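Observations on chain architecture
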Amino acid sequence: MTFAFYVIAALTVAGGLAAVLLRNTVHCALAVTIAFAGLAMLFLDLDAQFAGFAQILVYIGAVAILIVFAILLTRNSETPRDGVFSRNWFAGLFVAAAIFAVLGWAVLHSIAVLPNHAAVPAVTVAQIGQALVGRYVLPLEIVALLLTAAMIGAVIIALDEKGRTK
Amino acid sequence: MIDHPIVYQADQIFVLLKHWLIGQLPSSVQPAAGVLLSVVVIICLFPALFAVTTIIERKGLGRMQNRLGPNRTGPFGILQPIADGIKSLTKEDIVPTSADGVVHFLAPVLLVVVVFMGFAVLPMGRNMALTDMDAGLLFFFAIGASTELSVFMAGWSSRNKYSLLGAMRAVAQMISYEVPLLLSSVAVVMITGSLSLNKIVEAQNHYTWGLPHWYIFTPWGLAGFLIFCIAATAETNRSPFDLPEGESELVAGYHTEYSGFKFALFFLGEYVGMFSISGLGATLFLGGWSAPLQILNFIPSWFWFFSKLMAAICVFIWMRGTFPRLRQDQLMNFAWKFCLPLVLTNLFVTALWRFLGEGWLRWALCTAILVVVYVAMARAEMRSGHFGSRRYRYAE
Amino acid sequence: MFGEGILKGLAETAKNFFGSYVSADRLTTVEYPEKRLEPIEAARVFPFLVYDGGDWQAGLRCVACQICEKECPPKCIYIEKSKDKKPDAVGKMQFYPTRFDIDVSVCMSCQICVEVCPFDAIKMDKLFELATDDRFGGLILDRGMLAKSNQYFHGIHPTEAAEVDARLTAERAKSAAKAGAPAAKDAGRPQPPPPGEK
Ligand code: SF4
Ligand code: SF4
């Protein structure tokens, strides 16, 4: 655990907390972006270049933009007067605790299973690429198919109905 | 020829200079000092280039419109950027009362930080990349994607309808054109087999009969380069894709509410973004720092990189002086209905090129496919009425 | 061919770019403070008050009827009427303005004051270099600054000035005929120069 790790971790946690606690929804979305950026830096700190850059490209470049667009296009971005906190927050707390428990269990379990975490394999981007189109080509194709189906679905939804155009 | 000592030293002058400077320091701080020195040089160099570019642009645009351009400050007006700089630095910094102060402040800062980070992976000469990342290209695009966020922040935090509309347009446009931009670069990655920009330049730095192996001299490379140029122009919000700041309808788009130094930062961000994307284009398709002819190899590599960069900038200016602004629907149609199919075809052609092996067959086949697809699509698009003169629904 | 127009456009600007270095008559602009273009006759910038004869105070055509003051859209004319009377351009006894100010910074050069004036007293000037370093007082022009001679009017707008002079001469003749003995009354007034003479 280096100094860099603590700085980045603090940033990420602060971003996450701000995303939950701030009152303005757009501010929350921007805070989430900080958390995303922190995660990307953590990946880079661990020498996982591909994961780090993919995190930035996908989460900051696309997901964050998607979130802010969704906020702006669905309702107004002003802070609601009667607070932003849900009334049945304990249900949310329960879900969050459950997810945290599952994740924690998984992480602890994996540490126990790994013989020693000194021998971290150095994975280069080239190897990831090789694996993706070699050993994991079938899952890749299935995911691609799924995305294509989703895209066609989106196009169909957005399509003007016949007769209404022009 | 690079082996000749004088040529070698001229080529590596900056690298040697840096090593010498760092050698003066105690060895414990040497790595950090090395990085710091390179960063400082980049941060000084590109704003200087920005100043030069503004005067070239204003002069050039003037000449294209049969005007003289600025000619009052200093001989031939060459001191104009200094006057501009003093003016924008001493202007009052106005923040609207209803604006979101923190976000309003962070937006230009984020933009400038992000655009400068792109230079970290660009090889500006032989051995002259700040870092040699395995995934350099990916880094470049990941960083580039973050500019959208700063544009959005600027537009949203100003609490001004023009700013917000401009930001929405800018973000929509940047997301749309990022697709052809990325896919046209993927063709290069497919041929080189590496995401490292250094390797991409090395792969192009060969000569047959004294002529270079730049990717632009292949059918797929030429098509990819043209699409890359179009998408890069749109990514940097330059004319004719400068709808986000269309002054006739949006005042100045997302930076309407910025003044003084912050406005200067946006301006700087736009131009530095232009430099970095031109540098990337030169690296991917024009052989980066390699010389255009083998006999010209004695001229230092950094000279070639910056000449290509400035040539690209001049083309940007030329386009700005020539084309009228597009309409929003034309812009989107062009990205999704023309550039995207074309760039997908180009990917297919690239794969074909890779697996057909040497010989005239692949030249003929790849060129034929690209030309046929281009002509067919252009015909279809013209007939469908997405381009060309507009048909008004109610006015006829 | 698709994309042909783009190349044509680029060729055109390139031609302009290089052409403007080779042939100077391509350049459509002049370098203003050193070189100037003569403004066209119909140019109009800012109103001025016309006077006849040599003495601006005596010859001022304005009768302080205040129509222009009321009609000016941005309300930039300020007029104070005199207590006594003096003969006007056609020889009738009329009031005259003791104060006539126009605010340059507010005037929008619409020429409405000129259109509504029944006495041809206010006309448009061609001067456009009205900048001053005093942003309050310096931009309000008073009577003395606004008054310009009829010769000056002939100099800048000859056609219009000739028309005005013809009309005034006719009116003067009419009022003289009505008065019966014109010579006694007109003697005290300076005669306006005949039209065409500058
Ligand atoms: S300038 Fe004409 S309209 Fe105005 S007060 Fe004098 S006479 Fe009347
Ligand atoms: S030109 Fe128009 S704005 Fe100016 S003083 Fe006359 S009426 Fe007023």
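Structure first, text after, so check above.
In short, a report on the structure.

What counts and how
- Residues numbered from 1 in each chain as written.
- Chains lettered and ligands numbered in written order.
- Predicted model: local features only at pLDDT ≥ 70, side-chain atom pairs only at ≥ 80, totals over all residues.
- Heavy atoms only, no water.
- Helix = DSSP H or I, 4+ residues; strand = E, 2+ residues; numbered from the N terminus.
- Rg over C-alpha atoms; globule rule 2.2 N^0.38 Å.
- Buried < 20%, exposed > 50% of the residue type's maximum accessible area, 1.4 Å probe, protein only.
- Contact = heavy atoms within 4.5 Å.
- Near = heavy atom within 4 Å.
- 1 Å grid on protein atoms, 1.4 Å probe; cavity = no way out; pocket = protein on both sides within 12 Å on 5 of 7 lines; lining within 4 Å.
- Sits in = over half its atoms within 2 Å of the grid points.
- Buried area = accessible area lost by both parts, 1.4 Å probe.
- Salt bridge = Lys/Arg side-chain N within 4 Å of Asp/Glu carboxyl O.
- Polar contact = N/O pair within 3.5 Å; in protein donor to acceptor, adjacent residues only side chain to side chain.
- Nonpolar A, V, L, I, M, F, W, Y, C, P; charged D, E, K, R; others polar.

Concerning the overall build of chain B
Of the regular secondary structure elements, chain B holds 14 helices and two strands. Taking 21 Å as the expected radius of gyration for a compact globule of 396 residues, we find that chain B reaches 22 Å, a close match to that expectation. Across its three principal directions, the C-alpha atoms of chain B cover 65 × 60 × 40 Å. Per-residue burial over chain B gives 54% buried out of 396 residues. Residue pairs at least 24 apart in sequence account for 76% of intrachain contacts in chain B once pairs closer than 6 positions are excluded.

Let's talk about the site of ligand 1
Every residue near ligand 1 is listed here: C62, V63, A64, C65, Q66, C68, I79, F100, C117, F119 and I122 of chain C. Because more than half of its atoms lie within 2 Å of the grid, ligand 1 is assigned to the second largest cavity.

Notes on the interface of chain B and chain A
Listed by partner, the interface residues are 25 residues for chain B and 23 residues for chain A. Of the roughly 2100 Å² buried where chain B meets chain A, counting both sides, 79% is carbon and sulfur surface. Among the residues of chain B in contact with chain A, L149, F152 and W156 of chain B are the three that bury the most area, contributing 26% of the side total. The tally of links between chain B and chain A comes to zero salt bridges. The interface formed by chain B and chain A includes two residue pairs in polar contact (both at pLDDT 80 or more). Of all elements in the fold, only α6 (136–157) and α7 (161–192) of chain B reach the threshold of two or more residues within the side of chain B that touches chain A. Looking at which element gives the most residues to the side of chain B that touches chain A, the answer is α6 of chain B, with eleven residues. Looking at the side of chain B that touches chain A residue by residue, the classes come out as 18 nonpolar, one polar and six charged.

Description of unusual backbone geometry
Omega for the bond connecting S239 of chain B with P240 of chain B falls within 30 degrees of zero, at 5°, which places this linkage in the cis form. The phi torsion at A64 of chain C lies on the positive side, around 60°, for a residue other than glycine. With respect to the element layout, A64 of chain C can be found in the loop between α2 (56–59) and α3 (67–71). You can call A64 of chain C buried: its relative accessible area is 0%. One non-glycine residue with positive phi stands out, namely S109 of chain C, at about 60°. Note that S109 of chain C resides in the loop between β5 (97–103) and α4 (112–116).

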